[in-house]
Amino acid sequence: MHARILLLVLAATLCTQLALAHGGQYRGPEIPSPASLPKEPSPLLPIARGGRAPGVCSQCPHCRDLWLRSWQDATWMNWWEFNKDQFLRVHLQEEANARNVQGEKAERDRLRPRESDLDQLVIPALKRALDDPASSRDIVSSALIALAKMERDPTILPWIEKHLASTVQEVRETAALAMGITSLPEALDGLIALANTSALGRSLTKSSRQVDPRTRSFACYSCGLIADKQADVAIKRRVFETMKSILDYESKPSPDIMVAALNAIRLLRSDGDGRAQSLREEAVDYLLQFIDRPVPALVSAHGYSAIARLLGRTRGKSKAKDHIVKALTSDAVNPLIHQSAILALGIMAHADDEDVSRAIRDYYERGKNQVAKQFSCIALGRIGGKENRSHLCERLTDTSTSSSLLPWLALGLAIEDFDHPMRDSYPETEKVRRVYLKAKAPDVAAGLAIALGIMNYGDAAEDIRRRMFEFRSDDAAAGYHAVALGLIGNPDAKKHILRRLEGADDREPLRTQCALALGLLGDKDQALVMVHDLEDNDNSLALSGALAKGIGTIGDRRTIDRLVKLLENTEIKPVPRAFAAAALGIMGDHARQPWNSNIARGINYRANVETLTNGATGILDIL
């Protein structure tokens, strides 16, 4: 009976995701949110790895907290998928290849998309898709995002704004998001009106009632995206006052809107003049007061992340660091707060903030929440320093350490190496390599391989290649080994990855990661193959998303005609056409990092709401 209930719940979840396909980045094993709880008590909930949870209701805060506490079995894969963009180093790898291979730079420049390609082929195709009344919501949503990435002229806004009045929720919220992705300050009036559900906002959505919560949430994120890209302090100030008003005065704000408002404030950081510094200090003071309010833990958890990003790596004592250390050392707070406090301190502290590092190390040793212990490895790597490095190395090589913690400890060392590249890290990389070679569990070995990839440890490339073939029954582990080879930039990696893909047409976990690996390696010859694969109607969202990202990352202008034809091919299903638009958007994006990378990086994704990530339509799922 219970098994059947679980299957029905999972099937319903899958159907929902397939029906809303304007995103689809793989973010690791499913991260549920309290909004996904059933409305009636149930003896079994779909939590990670089939674990059992107590019967809970959807309304009682105590039950929700109990449910959150019960979901302890986290994986390094989730953290990696949310934070990987800063480590992929695609542009750096391309530049290194160009210096090392005579004539390759000229060839790559010849194949890179030109502005004329975008102006004459891509942008007109996207506009045609938006104007076609037969375009599905998936196609419209993808075209909106793609167009927003490559157009920086305010004349694009009317093309986007008219879709705010769509009768389809997905299209409305995507239009609001696209307005922010443009980074155009001219979009701010409309976005603030949507966020405030004012008369102007209601008129933009052609609604006589309030603007719906999802569209309002996406509008809040968009305000933050504009503030993040604009240096004008007046714009940042306006966004701050709007978000503060929503958090302070709305009678019953939804958790989605509150989380979105906090993350908009999180994007306000500026290193400008005295006015910018004054705004930053005011925002931090406000957030320090906010995190002590009696609001749900999954909301206040995002306040810690916002404080950390606003302050950045601060020197010496500060009331913010002291406040967060106090929360970390308290037994009276929700585990989500411990998790966020640790991640925040990792962003804020320096190696000489010994009291901060000691508090994190103490939590690793004695803390009760497994996720917070895992995050402590990441934080210690971010902070760096001899003591933290020694702590990570000792626990990594300690035979009594749980195998599930080994990837986290190795990732902490890899981050320390990545953030402090001038340091001689050879002893640490060799220790990671030795532990990697002893690891038997596929998921543990894969996490250690990714750590070696972040370290760019070329001496481990042959070991990683060999083990990629060893894991024949675990496609996810083999795929992450391919990504590790891509991170290292091993010259022979392409042919080995392609050989590993032979006969794997129906093995999507492997294909998903290999598409990213080949994108990292800049394999121009594979771009056209990926376009062919993208045409398959039966691909999952995760595979289609990986193919689109791989095609866009490789950036071969020879694929543009094929992608445009795929977008306009009405004889195939909407989802492949939508991801063709997504690939064109990635290819034409002027930014060096994905538009949502500043939101994803360092966020406590465990404090999850539906508009943050749900595998398809959250702010972090959209390509």
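Since we're looking at a predicted model, the values are computed, not measured.

**Q** I tried to follow the overall build of the chain on my own but got confused; where do I start?
**A** When its secondary structure is counted, the chain shows 34 helices and 0 strands. Out of the 623 residues in the chain, the part that is buried amounts to 60%. Within the chain, contacts between residues separated by at least 24 positions form 73% of all contacts whose residues are at least 6 apart in sequence. With an accessible surface of roughly 24,700 Å², the chain has 51% of that area assigned to carbon and sulfur atoms.

**Q** Looking at this structure, I do not really get the side chain of Lys84. What am I missing?
**A** Structurally, Lys84 can be placed in the loop between α3 (76–83) and α4 (85–88). When its relative accessible area of 7% is taken as the criterion, Lys84 is described as buried.

**Q** Looking at this structure, I do not really get the pattern of salt bridges. What am I missing?
**A** Should the charged atoms of two oppositely charged side chains come close, the side chains can pair. Counting across every chain of the model gives 36 salt bridges. A salt bridge links Arg128 to Glu568, with the shortest nitrogen-to-oxygen separation between them at 2.7 Å. Of this pair, Arg128 sits in helix α7 (residues 115–131) while Glu568 is found in the loop between α32 (560–567) and α33 (574–588), placing the two residues 440 residues apart along the sequence. A relative accessible area of 45% means that Arg128 is categorised as partly exposed.

**Q** For this particular structure, what's the right way to read the packing of helix α29 (residues 508–520) against helix α31 (residues 541–554)?
**A** Angle between the axes and distance between the axes: these two values describe a pair of packed helices. Where α29 contacts α31, the axes come no closer than 8 Å and their chain directions differ by 10°. Considering their axes alone, α29 and α31 lie roughly parallel with respect to each other. Note on element contacts: α31 touches α29 through Ala542, Leu543, Ala546, Leu547, Gly550, Thr553 and Ile554, opposite Glu508, Arg511, Thr512, Ala515, Leu518 and Gly519. Grouping the amino acids of the contact of α29 with α31 by side-chain chemistry returns 7 nonpolar, 4 polar and 2 charged.

**Q** Is there a simple way to think about the side chain of Asp85 in this case?
**A** Along the chain, Asp85 turns up in helix α4. Apart from residues lying up to four places away in sequence, Asp85 is in contact with Lys549, Gln593, Pro594 and Ser597.

**Q** In this structure, what is going on with the confidence of the model for the chain? I would like to understand it.
**A** Segments scoring low in pLDDT should not have their predicted coordinates read at a detailed level. On average, residues of the chain carry a pLDDT of 84, and 83% of them reach 70 or more. In the model, residues 1–21 has pLDDT below 50 throughout and makes 28 contacts with residues more than four positions away in sequence or in other chains. This model gives residues 34–73 a pLDDT under 50, and the stretch forms 74 contacts once residues within four places in sequence are excluded.

**Q** For this particular structure, what's the right way to read the packing of aromatic side chains?
**A** The description of an aromatic ring pair rests on the distance of the ring centres and on the angle between the ring planes. Overall, the coordinates contain 9 aromatic pairs when judged by the stated rule. With a centroid separation of 6.1 Å and 20° between ring planes, the pair formed by Trp80 and Phe87 is classed as stacked. By the burial criterion, Trp80 is buried, and Phe87 matches it. When the centroid spacing of 6.1 Å and the interplanar angle of 65° are considered together, the rings of Phe375 and Trp408 count as edge-to-face. Here Phe375 is found in helix α21 (residues 370–383), whereas its partner Trp408 is found in helix α23 (residues 406–419), with 33 residues between them in sequence. As far as burial versus exposure is concerned, Phe375 and Trp408 are alike and both buried.

**Q** I keep staring at the nonpolar core and nothing clicks. Help me out?
**A** Side chains of nonpolar character tend, in soluble globular proteins, to be buried together. Counting 205 residues, the largest nonpolar core has Trp79, Trp80 and Ile265 as the members making the most contacts within it. Those residues in contact with Ile265 that lie beyond four places of it in its chain are Phe240, Met243, Leu247, Ala283, Tyr286, Leu287 and Leu310.

**Q** So what exactly am I meant to see when it comes to unusual backbone geometry here?
**A** Only a minority of non-glycine residues have a phi that is not negative, and only a minority of peptide bonds are not trans. Phi at Thr197 is positive, roughly 45°, even though this residue is not glycine. The residue Thr197 is located in the loop between α11 (188–196) and α12 (199–204) in this model. Classification of Thr197 as buried rests on a relative accessible area of 8%.

**Q** Looking at this structure, how should I read the packing of helix α22 (residues 386–397) against α23?
**A** At a closest axis distance of 9 Å, the pairing of α22 and α23 adopts a crossing angle of 150°. It follows from the interaxial angle that α22 and α23 lie roughly antiparallel. Here the hand of the crossing between α22 and α23 comes out left-handed. Contacts from Arg389, Leu392, Cys393, Arg395 and Leu396 of α22 reach α23 at Leu406, Leu409, Ala410, Gly412, Leu413 and Glu416. Partitioned by chemical class, the residues of the contact of α22 with α23 number 7 nonpolar, 1 polar and 3 charged.

**Q** Would you mind going over helix α19 (residues 335–348) with me for this structure?
**A** Residue pairs three or four apart in sequence face the same way in an α-helix, which turns once every 3.6 residues. Compared with the 20 Å implied by 1.5 Å per residue over 14 residues, the 20 Å span of α19 between its first and last C-alpha is a close match. Of all the 14 residues making up α19, 13 are buried; the element is thus mostly covered by neighbouring parts of the structure. Measuring from the side-chain oxygen of the N-cap residue of α19 to the backbone nitrogen of Leu336 gives 2.8 Å; that N-cap residue is Asn334.

**Q** Would you take a moment to explain the environment of Glu354 for this structure?
**A** Residue position: Glu354 is located in helix α20 (residues 354–366). Expressed as a C-alpha distance, the spacing of Glu354 and Glu387, which sit 33 residues apart in the sequence, is 8.9 Å. Within polar-contact distance, the side chain of Glu354 engages the side chain of Arg361 at 2.4 Å.

Conventions we followed
- Residues numbered from 1 in each chain as written.
- Predicted model: local features only at pLDDT ≥ 70, side-chain atom pairs only at ≥ 80, totals over all residues.
- Heavy atoms only, no water.
- Helix = DSSP H or I, 4+ residues; strand = E, 2+ residues; numbered from the N terminus.
- Buried < 20%, exposed > 50% of the residue type's maximum accessible area, 1.4 Å probe, protein only.
- Contact = heavy atoms within 4.5 Å.
- Areas by Shrake-Rupley, 256 points an atom, 1.4 Å probe, with all protein chains shown as cover.
- Salt bridge = Lys/Arg side-chain N within 4 Å of Asp/Glu carboxyl O.
- Axes fitted to C-alpha atoms, helices over the stretch in contact; angles between N-to-C directions.
- Parallel < 35°, antiparallel > 145°, perpendicular 65-115°, else oblique.
- Nonpolar A, V, L, I, M, F, W, Y, C, P; charged D, E, K, R; others polar.
- pLDDT = per-residue confidence, 0-100.
- Phe/Tyr/Trp six-rings, centres within 6.5 Å; stacked < 30°, edge-to-face > 60°.
- Core = buried A, V, L, I, M, F, W, Y, C linked by side-chain atoms within 4.5 Å.
- Left-handed = near helix turned anticlockwise from the far one by under 90°.
- Expected span 1.5 Å × (residues − 1).
- Polar contact = N/O pair within 3.5 Å; in protein donor to acceptor, adjacent residues only side chain to side chain.

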